[in-house]
Each structure stands twice: as C-alpha cells, then as structure tokens.
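The primary structure of each chain is shown beneath.
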Amino acid sequence: RNPFASSSSSSSAAAGERGGSAPPPTPPARPPNQPPPFSGRRHFMFGVGQQVSPEVARASAGAALEKHQAAWARLETSLESSALPIRFSDIPWPEETACITGVLPGDAAAVAKPRLAAALRRWHPDKWRRILDRVPLEEQTQVTERVKSIAQRLLSEKAKLTGPGGLLR
C-alpha cells in the first residue's frame with residue numbers, strides 16, 4: 001500500500017496495485033517557522049556560490065560598473081593631461097567574472113545596445129594604439145595580450161546578447 005495515499009483513495013490505491021497509475025505522493029507540509037523557498041531566479045556572485053536575489057545582483061553589478069567607469073574616466077583624464085607612462089597596473093581591467101559590456105540584468109534593449117557599442121569600441125585592439133604608445137616597451141606585450149583576451153570575452157557576450165533568445169536579437 002502507498003503510505004502517502006489517503007484512506008478515502010482506496011480505489012486509486014487498488015488501481016495502483018493492479019498496474020494503474022497511482023497519484024504522486026504529497027510532500028510533507030512545511031513547518032510554520034521555516035521560510036518559503038525562494039521563488040525568483042537565483043544569481044551567483046563573486047565566484048563563491050553565494051545565492052542572491054536578482055535585485056541584489058543588479059545593484060552589485062551596477063556598483064561595480066560605476067566603479068569601473070570612474071576608473072576608466074581617470075585613465076582618460078591622465079591620457080589627455082599628462083605625458084607620464086601608462087603601466088599595466090594603471091589600466092582599469094575588468095574583473096575576470098565581470099560583464100564587459102556593462103549590460104545589467106533587467107536592462108532594456110535601448111540601454112544595452114549603446115553599452116555594447118561602447119564596450120566594443122573601448123576594447124577593440126586596434127583602438128589601443130594611443131594607450132600602447134605610452135606603455136613601457138617591457139609591458140606592451142602583456143597589455144596587448146590582455147586586451148585581446150578581453151576582446152574575445154566581449155565577442156562571446158555580444159553573441160549571447162544578439163543570438164537566439166538574446167536581448168538584442
């Protein structure tokens with residue numbers, strides 16, 4: 001006999017014994033002091049498997065994007081106002097797990113498209129000549145390789161945004 005079947009469903013239990021389909025077992029009720037399961041999508045952040053709500057993920061990604069944009073603006077100012085060399089460590093590289101396009105969860109296509117275009121311009125290897133001219137010779141290969149690697153990641157992000165099911169399809 002099915003321990004999950006109610007006593008009023010003896011006919012369905014008998015059907016199950018005869019080869020018919022018995023109803024699936026009912027899961028036990030949740031204790032009153034236990035919170036309900038998270039019903040939204042889960043986002044993993046910081047590479048440690050911490051699960052957070054979409055709102056928290058968006059706020060965190062937005063703060064990281066603003067910080068990166070501010071660092072990039074400082075580099076641009078330095079390029080225009082100073083003749084000092086630009087070292088590898090002076091360049092605001094995106095985090096390895098960060099979104100390079102700057103497109104945040106929940107962004108509309110009207111926001112995503114110009115962000116993608118700006119990222120494509122910023123990280124295109126051919127656009128780095130004015131910066132590479134200021135990088136010391138011993139660091140130029142390292143900078144060039146890093147830019148190429150970021151450009152490849154960016155093209156993968158672009159493919160996701162413009163491919164089937166993508167925001168910019």
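Residues numbered from 1 in each chain as written. Predicted model: local features only at pLDDT ≥ 70, side-chain atom pairs only at ≥ 80, totals over all residues. Heavy atoms only, no water.

Side note on helix α3 (residues 109-123)
Next up, step 1: For α3, which comprises 15 residues, the first-to-last C-alpha distance of 21 Å matches the rise-based estimate of 21 Å (1.5 Å per residue) to within 8%.
Next up, step 2: For α3, the full list of buried residues reads Ala112, Leu116, Ala119 and Trp123. Looking straight down α3, one finds its buried side chains confined to an arc of 65 degrees; they lie on one side. For α3, the exposed residues set more than 90 degrees away from the buried face come down to Ala110, Lys113 and Arg121.
Next up, step 3: Each element contacted by the buried residues of α3 is listed here: α2 (54-81) and α5 (137-162). (Helix = DSSP H or I, 4+ residues; strand = E, 2+ residues; numbered from the N terminus. Expected span 1.5 Å × (residues − 1). Buried < 20%, exposed > 50% of the residue type's maximum accessible area, 1.4 Å probe, protein only. Arc of directions from axis to C-beta. Contact = heavy atoms within 4.5 Å.)

A closer look at the packing of α3 against α5
Next up, step 1: Where α3 contacts α5, the axes come no closer than 10 Å and their chain directions differ by 160 degrees. As summarised for this structure, α3 and α5 are arranged roughly antiparallel, according to the angle between their axes. Handedness of the crossing formed by α3 with α5: left-handed. Within the contact between the two elements, α3 uses Leu116, Ala119, Leu120 and Trp123 and α5 uses Val147, Ile150, Ala151, Leu154, Leu155, Lys158 and Leu161.
Next up, step 2: Across the contact of α3 with α5, the residue classes break down as 10 nonpolar, no polar and one charged. (Axes fitted to C-alpha atoms, helices over the stretch in contact; angles between N-to-C directions. Parallel < 35°, antiparallel > 145°, perpendicular 65-115°, else oblique. Left-handed = near helix turned anticlockwise from the far one by under 90°. Nonpolar A, V, L, I, M, F, W, Y, C, P; charged D, E, K, R; others polar.)

A short note on the pattern of salt bridges
Next up, step 1: Tallied over the full model, the rule gives six salt bridges.
Next up, step 2: A salt bridge links arginine 115 to aspartate 107; the shortest N-O distance between them is 2.8 Å.
Next up, step 3: Under the relative-accessibility criterion, arginine 115 is labelled partly exposed at 28%.
Next up, step 4: When its relative accessible area of 8% is taken as the criterion, aspartate 107 is described as buried.
Next up, step 5: Among the ionic contacts, a cluster of salt bridges with common partners joins Glu96, Arg146 and Arg153. (Salt bridge = Lys/Arg side-chain N within 4 Å of Asp/Glu carboxyl O.)

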